[in-house]
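# A structural walkthrough
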Amino acid sequence: MAPFNTPGIVVSGFKERPESILAQGERLYIGTSTGNLHIYDLNASANPNERSMLVETKKGLSRRAIDQLGYIKDINSLVLLSETLVTLYPLPSFSPPTPLTKAKSAFSFATYSSVADRQSSHDGTTAIPTMVTQLIIGCRRKVVVYCWKDGEAQDIKEAVLPHSPRLISFLDYDNVCFAYSPTEYAVFSISKLAAVDVVLPTAPSTSMGALSGLGTYMMLSRGAKSKPNMARLSETEALVVKDNQGFVVGVDGKQTRPDAIDWPGPPDEIAYVSPYVFSILPPGTVPVPDNEGGSSSSLPSAQQTTIPAPVVQVISSISTSPVQTLSFPFPQPSSNVPANPNCSIRLLTASLVAKSPLFLVSTPVDRTIATTEGSCVWKFEMKPWGEQIDELVRKGSYADALALLNTLDTTALLDKEERRTRIRALNAVAQFRTGKYDDAINTFLDLDLNPAKVVALYPERVAGRLSVPQDEWIPLFGGPASSTPRPEDSTSANSSDASKEGSKEKLIERSPSPAGSIRVRSKTVFASLLPSAAKDDDVVSLSGRRRVKQPIDDSTRAVEVLWRYLTDRRPKVAGALATVNITSAQSHQWPTLSETSTEELFSLPNVPLSSLTPQQLIHFAQIVDTALFKSYLLYRPALLGPLCRVANWCEVSEVEEELRAREKFAELIFLYNGKKMHAKALALLQQLSEKEDDIRDKLSPTISYLQKLGSEYLDQVFKSARWVFDQDREMGLQVFMSEDVELPRFQVVEYLEKIDPQISARYIEYLIEEKREEGGMFHDRLAELYLSIAVSAKKRGDNQKRDELYAKLLHFIDTTSHYQPARLYGRLSEDLYEARAILLGRMGRHEHALELYAYKLGNFQKAEEYCKRAYHPHTETSTIFLTLLKLYLRPTTKDLPNLLPPALDLMRRQSHRLDPVETLELLPPLVSAKEVQKFLHQALRMPLYDKHVIREISKARSEQLAATLMILESRHVKVTDSRICPQCHKRLGSSVIAVHAPHGEVTHYQCREAFSRKLNSLRQS
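Structure report, in brief. (Residues numbered from 1 in each chain as written. Predicted model: local features only at pLDDT ≥ 70, side-chain atom pairs only at ≥ 80, totals over all residues. Heavy atoms only, no water.)

## Concerning the sheet that holds strand S17 (residues 184-189)
What counts is decided by this rule: Following DSSP output, two strands are said to pair if at least two bridges run between them. We count a stretch as a helix when DSSP gives it H or I for four or more residues in a row; a strand needs E for two or more, and each element gets its number in order from the N terminus. In this analysis an axis means a line fitted to C-alpha atoms, helices contributing only their contacting stretch, and an angle means the value between N-to-C directions, from 0 to 180 degrees.
One open sheet holds the four strands; their spatial order is S15-S16-S17-S18, and the pairing between them is antiparallel. With partners counted over all chains shown, the strands left at the sheet margins are strand S15 (167-170) and strand S18 (194-197), one partner each. When the angles between neighbouring strand axes are averaged without regard to direction, this sheet yields 25 degrees. Pairing between S17 and S18: four bridges, direction antiparallel. Looking at the pairing, Ser189 lines up with Ala194 of S18.

## So, unusual backbone geometry
Following Leu91, the chain continues to Pro92 via a peptide bond in cis, the omega torsion being 0 degrees. You can see Pro92 is positioned in the loop between strand S8 (85-90) and strand S9 (98-99). Non-glycine residue Phe94 carries a positive phi angle of around 65 degrees. Relative to the assigned elements, Phe94 resides in the loop between S8 and S9. Located in the positive-phi region is His874, a residue other than glycine, with phi close to 60 degrees.

## Here we look at the environment of Gln820
The cut-off we apply is this: Burial classification: accessible surface area is computed with a 1.4 Å probe over protein chains only, and a residue below 20% of its type maximum counts as buried, one above 50% as exposed, and the rest as partly exposed.
Its place among the elements puts Gln820 in the loop between helix H28 (799-815) and helix H29 (821-825). Owing to a relative accessible area of 46%, Gln820 belongs among the partly exposed residues under this scheme. Each C-alpha atom of the pair Gln820 and His779 lies 8.5 Å from the other, and the pair is 41 residues apart in sequence.

## So, the packing of aromatic side chains
Rule in force here: For Phe, Tyr and Trp, where Trp contributes only its six-membered ring, two rings pair if their centres lie within 6.5 Å, and the inter-plane angle classes them as stacked under 30 degrees, edge-to-face over 60, or tilted in between.
Scanning the model with the defined rule gives 30 aromatic pairs in all. Look at Phe4 and Phe278: their rings are 5.5 Å apart centre to centre, the planes differ by 70 degrees, and that puts the pair in the edge-to-face class. A residue pair is termed long-range when its members are at least 10 positions apart, and Phe4 in the segment before strand S1 (8-14) and Phe278 in strand S24 (residues 276-281) qualify at 274 residues. Looking at Phe278, the relative accessible area reads 1%, which means it is buried.

## Concerning the sheet that holds S8
Pairing is antiparallel across the open sheet formed by four strands, whose spatial order is S6-S7-S8-S9. Since the sheet does not close on itself, it has two edges, and those belong to strand S6 (66-72) and S9, each with one partner. When strand S7 (residues 77-82) meets S8, the two strands line up antiparallel, connected through six bridges. Bridge assignment links Leu78 to a residue of S8, and that residue is Tyr89.

## Considering a nonpolar patch on the surface
Test applied: Excluding any residue in a salt bridge, patches collect residues exceeding 30% relative accessible area, merging like charges within 9 Å and nonpolar Val, Leu, Ile, Met, Phe, Trp and Tyr side chains within 5 Å. Areas reported as accessible are Shrake-Rupley estimates using a 1.4 Å probe. Residue values count occlusion only from the protein chains shown. The term salt bridge refers to a pairing of a side-chain nitrogen on Lys or Arg with a carboxyl oxygen on Asp or Glu at a separation within 4 Å.
Taken together, the side chains of Val973, Val975, Ile993 and Val995 make up a nonpolar region of the molecular surface, amounting to roughly 260 Å² of accessible area. Assignment of secondary structure puts Val995 in strand S30 (residues 993-996).

## So, the pattern of salt bridges
The final tally for this structure, using the stated rule, is 44 salt bridges. A salt bridge links Arg346 to Glu19; the shortest N-O distance between them is 3.8 Å. Of this pair, Arg346 sits in strand S27 (residues 343-346) while Glu19 sits in strand S2 (residues 18-24); the two residues are 327 residues apart in sequence, bridging distant segments of the chain. We classify Arg346 as buried; its relative accessible area is 12%. The salt bridge partner of Glu784 is Arg827, with a shortest N-O separation of 3.5 Å.

Here is the structure:
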């Protein structure tokens, strides 16, 4: 990636030798070796080939070269170092100049501005923001610190140093990094006025990689001319250069990062534009890149293996690797400036805390050409952040893109978070390619990625139709279609190994991969998932050597990581669905996954589950469960059963063929059941039953399945139960005797009657006896079935069956009352006397019922038993025995045998239930008293006569008591003023008195008890 655009010329034909440059706002200040200062306006150029215009030239500001320029915004002054003296020039007038005389023998300076909070002088609590600007000047073996607060000068600080600072760079408001020499550095604390030496590792003695001996010699020959280089990276870190290496040090003077930046040779100058280190390398130190060396790289000449001109190299501080290399002369297609490669280039940066754009000066080495053509000032502008990141993504450098993105603020890139999410996903895909499955899945989980895209990374046997070829992974996750990973991001493989495995790769790969190393890796990862892997294992040498099988560790690990992803998503998706009142038990009510196109599935948003619609959540659940099911099927078949037994969102069409092929019929039936695909499940059960010999083993699975189906699947139950009845009707009836669900009873009765009326009767018996069915419709139906079956048996001549069903009919109509007797009576034939008698009795026609018992059946015992059941005292049936007796003694039909004996037996047994008078009136004249003696004795002791006697006695007793009461009420006593109490012998007067029976003695009320005891004692004596 090239973070900087191709540099452009802003000033050309500059005749003097530039020694320092400062860009401040729209002004470019160039200090020359003759002490002149040229001021350019960067936005007002009339020359289309240049992007600046000379505004003013200040001549004679110094007698010698202007070594360094700076700017202090707090006092709006230019800082100029020349002749080892720092002078302040106020802008724009440049007068009067203020030489900083306390900082004589100056070698360098640096400025730093910050905002600090100052306490208010009134209340001491209010914080007032204050602009603080510091100017630190490195002099001979000392340092001088100037400070301004809101434009007001502060006290000057000085500190003695062991060496003279040749280069200075602020880290923050208190810490400054000094460069004493190319190998000696220190960190200075302004508050403590103390310096800490930087400890750097010893430079290695090895040669510089690809450089030839001549290149090394050239580098060493420049060592005497090298100068210290350093740059500020952040408020706590600085980059210092030692030889051809750059080290990052902190405020404590120690290394903060283990990795060093390596240059092919010591850089002439460096600057830092976050996050890039901008360096200038001398000619002959940078090897020619492969895309530039061409055929010349094979020649022995050293000039053809290294770039013979100065080189600008940009290194990423994140990855410590070069990201852009520009050799001089820089391409300028529309410029009239002659391209002279024999030039020296310098940064001449006024501050090593440089920001984009950077300005670089090129000057011809030949003095004559330099005099005629002059120097050029080049402007390096950084590409927009978005463009840089996009370029890294196109190269497949996702980790670098993320690192670069993390260094940016949201204000610098408004869509930072969106880009970060997308690049993290792409980086996870790159990690997945290289076998870092756990890291990739962790990222997918963290980003709430669409599970369809995650599953798409797996082969078709796991992902089904969602599977995507590897060269389409990156576009699937939002990357460019032509993106290829960096070589260091994938495992290396030499060309000979790749050619040997070419035939296997064709079997394993679904489409070519962007890089050969990725193809080899994909073969290792997914070999055991694809059918071709097994075929590869069969290739064995004829020499009898031990067969080397394809490793399966990577593929197993990849699928195990997928399980972790799916099992994490599954409960969370279920929880999200539960919030909208959707459960996996309702999966059959929603469109299946196969009805949705892969484009629609891949377009599902990568957002938290709570932000998805119910339809999107259902798609997520279907994708997760289907992938989990297929991966279990391949690697953990034992886990299929528990998954199938619970409600799930698995897509049946994706797995049913594989289950059949593996003979996982139980799991397939559970899956069909969960998806309410009962027709398929029952068809499979019927197909499997053909392999069984025992009738119970053949039918029990189907019966158990049908017993669990509810009324909504009644048609399916009827359809599938038919073949069970064809095999065994007794077992088939168990389908409708389930304790789990209840089917519509009447429809079941109708269905069973079409198959066999006896089975239907058995079912109704089950309803009445076990389910306590009291509906008249079922009782009527059962009685009619009994009757029709009995009639059919009689027609067939099966008397045993007829008698059995007729007995059931008689028992049923005699013991239950939940049917309509009149309806059944109309269906009876004339010869079914007992059934007719029972029904007539149910209808209250007792006399006709008794006639059938007595006259047609001649069964006097059943007639008497009938009367016993019908008899209820004080009701209309209280005379039913007398009715039977009349039928015996006064027959209504002729040609009957003598019925006097059963009549007399009835009189003897039921005399207490017969009216004596009416009974005696019914007896024929020739019946002797001896024959009815028992009846007469019982009649005389009947409770009726006892009641008359008791009534008369009670009446006489009542009259007697009334007469006695009248006599007692007629008696009285007379109390006069002279009457004395017989107990206390005092006059009664008007006191309360008591009268004593039976002689009427009168005493005081209070004397009554004592007088009563006295009377009792007299009576006893």
